[in-house]
Amino acid sequence: MQDTQSADGLPRLPPGRHGLSRDFVVTNQRDRLTAGIIATVAERGYHEATVSQICAAAGVSRRTFYSYFSSKEECYLQAFERIGEHLAEAMAAAGSAGNWPGQVRQRLAAMLAIYAANPDLVRFTLVVPLRAGGEIAVHQRTALEHLLQSLTAGRPEDKSLRRPSAAIEHALVGALVGVIVRKVEAGEGERLTDLVPELTEMFLIPYIGRDNAVRAARSNG
Amino acid sequence: MEEHQRARVLDAAITIFAEQGYPATTVDDLVAAAKIGVGSFYGFFSGKEQCLLAACERIIDEARSVVVAAASEGTSWPDQVCLGLGRLLNWIGAEPLAARVALVEIQTGGAEAIARYEETLTTAARALERGRESLPRDRRLPDSLEETTVNGIAWLLHRRLTMGESESIPQLFGELGEMILEPYLGEARATKAIARHAPIEHRGS
């Protein structure tokens with residue numbers, strides 16, 4: 001019964017007919033499965049979430065699931081990568097003008113706006129991997145490394161700028177993520193953007209010192 | 001005898017949790033590694049989750065006594081922080097499996113284990129708050145400073161432990177010491193406090 005149904009509960013459409021291209025259907029089903037795995041894994045955890053639950057959340061059959069992904073892990077990985085790309089693009093677009101400290105603030109604001117719109121993304125990318133352990137936990141490291149790269153992009157090689165060691169930069173981004181996760185776990189995920197000044201200041205202190213960091217965190221430029 | 005056997009199960013469990021990860025470990029694995037019967041295992045623990053909790057309890061107790069003993073040798077707060085941190089990092093470098101269980105695997109062990117992990121971080125953060133007592137009047141620190149410091153350090157250690165870089169952990173003393181102390185003491189005094197301890201504790205270790 002499920003086999004003849006597409007994501008929309010409509011019969012499967014051959015390509016190029018009905019004004020609904022196959023690409024559209026595919027994208028749509030993929031998007032729904034992405035949304036489905038994010039919601040399911042964020043709620044239940046990686047090991048606990050089943051393909052059936054993901055399909056139910058996506059409104060897609062198991063057969064459709066397996067036509068896109070060979071496993072839950074592959075689906076998780078692709079969703080993870082899409083979120084990462086989305087965040088990186090939004091952060092790059094938001095913080096391209098002005099000086100670097102200002103860019104950091106704009107990039108953090110862009111990231112927090114995305115997370116605030118769907119706090120499940122925080123659980124999915126920044127909580128679930130550590131709880132899942134093993135190979136899945138590696139993705140947490142990747143996510144934090146990308147975050148660090150997005151924030152430090154364009155940092156001037158200025159002699160007056162302090163250059164924290166790699167270890168301190170990792171601790172810094174770990175601390176930043178800790179604040180975000182705590183806010184979400186306190187049920188205040190929708191208000192993540194309140195953290196923009198605090199996180200900007202925290203992140204910039206090791207690079208530009210406390211006074212400059214406070215100034216950059218409060219400015220609106 | 002019973003105590004001895006239980007301790008042996010925990011030793012085996014720490015090794016196997018660290019090496020193959022808690023989620024992938026079964027009670028059968030634990031029983032085989034500890035060379036005891038399934039019945040004996042369940043006499044000690046109700047399941048692998050209880051076994052993980054007991055292992056973490058032992059590891060956290062041991063790490064805490066290392067820190068407390070080291071700190072008690074210091075006369076000033078910065079010295080106590082340096083001594084405690086230095087010995088803790090050395091201990092982690094020497095006991096990477098135990099550290100991995102209490103910092104990494106613990107987070108995969110379900111609600112009770114996660115609560116225990118967070119409680120440990122909170123205890124560490126509370127201990128650092130003593131630095132505020134000697135703060136100059138005009139220096140204001142964010143309320144969440146200690147919590148974020150501890151979270152950042154925990155993540156860095158997690159990273160090193162899971163990347164197989166545990167030998168490098170003792171060498172983090174200088175950087176982490178400065179990161180902890182600078183907000184309270186300022187850069188110059190923090191660097192000085194670290195320098196007093198760095199050569200004895202860390203050169204060539």
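How each quantity is defined
Residues numbered from 1 in each chain as written. Chains lettered and ligands numbered in written order. Predicted model: local features only at pLDDT ≥ 70, side-chain atom pairs only at ≥ 80, totals over all residues. Heavy atoms only, no water. Domains from an automatic or database assignment. Contact = heavy atoms within 4.5 Å. Buried area = accessible area lost by both parts, 1.4 Å probe. Salt bridge = Lys/Arg side-chain N within 4 Å of Asp/Glu carboxyl O. Polar contact = N/O pair within 3.5 Å; in protein donor to acceptor, adjacent residues only side chain to side chain. Helix = DSSP H or I, 4+ residues; strand = E, 2+ residues; numbered from the N terminus. Phe/Tyr/Trp six-rings, centres within 6.5 Å; stacked < 30°, edge-to-face > 60°. Buried < 20%, exposed > 50% of the residue type's maximum accessible area, 1.4 Å probe, protein only. Lys NZ or Arg CZ within 6 Å of the ring centre and 35° of its normal.

Turning to the domain arrangement of chain A, a few remarks are in order. Residue and element names in this part refer to chain A. When its domains are assigned, chain A resolves into domain 1 (22–69) and domain 2 (73–218). A C-alpha centroid distance of 27 Å is found between domain 1 and domain 2. On the domain 2 side, the residues contacting the 14 residues of domain 1 number 16 residues. When the buried area of domain 1 at its contact with domain 2 is split by residue, Ile38, Tyr46 and Phe69 rank highest and sum to 45% of it. Linking domain 1 with domain 2 are one salt bridge, by the criterion used here. The closest approach of N and O atoms between Arg82 and Asp31, which form a salt bridge, is 2.9 Å. Scanning the region where domain 1 abuts domain 2 turns up four residue pairs in polar contact (both at pLDDT 80 or more). Those elements that provide at least two residues to the side of domain 1 that touches domain 2 are helix 1 (22–44) and helix 3 (62–68).

A full pass over the atoms with the stated rule returns 14 aromatic pairs over all chains. Centre to centre, the rings of Phe65 of chain A and Phe69 of chain A are 5.5 Å apart; their planes meet at 55°, and the pair counts as tilted. Under the relative-accessibility criterion, Phe65 of chain A is labelled buried at 0%. Measuring from centroid to centroid gives 5.2 Å for Trp100 of chain A and Tyr207 of chain A, while their planes differ by 80°, and the two rings are edge-to-face. Remark: Tyr207 of chain A occurs in helix 9 (residues 196–208) and Trp100 of chain A occurs in helix 5 (residues 100–117); sequence separation between them is 107 residues. Of the two residues, Trp100 of chain A and Tyr207 of chain A, both sit in the buried class. Following the ring pairs from residue to residue traces out a cluster consisting of Tyr46, Tyr76, Phe80 and Phe124 of chain A. When the ring centre of Tyr46 of chain A is taken as reference, the NZ or CZ atom of Lys72 of chain A above it lies at 4.6 Å. We note Lys48 of chain B situated over the ring of Tyr22 of chain B; from NZ or CZ to the ring centre the distance is 4.2 Å.

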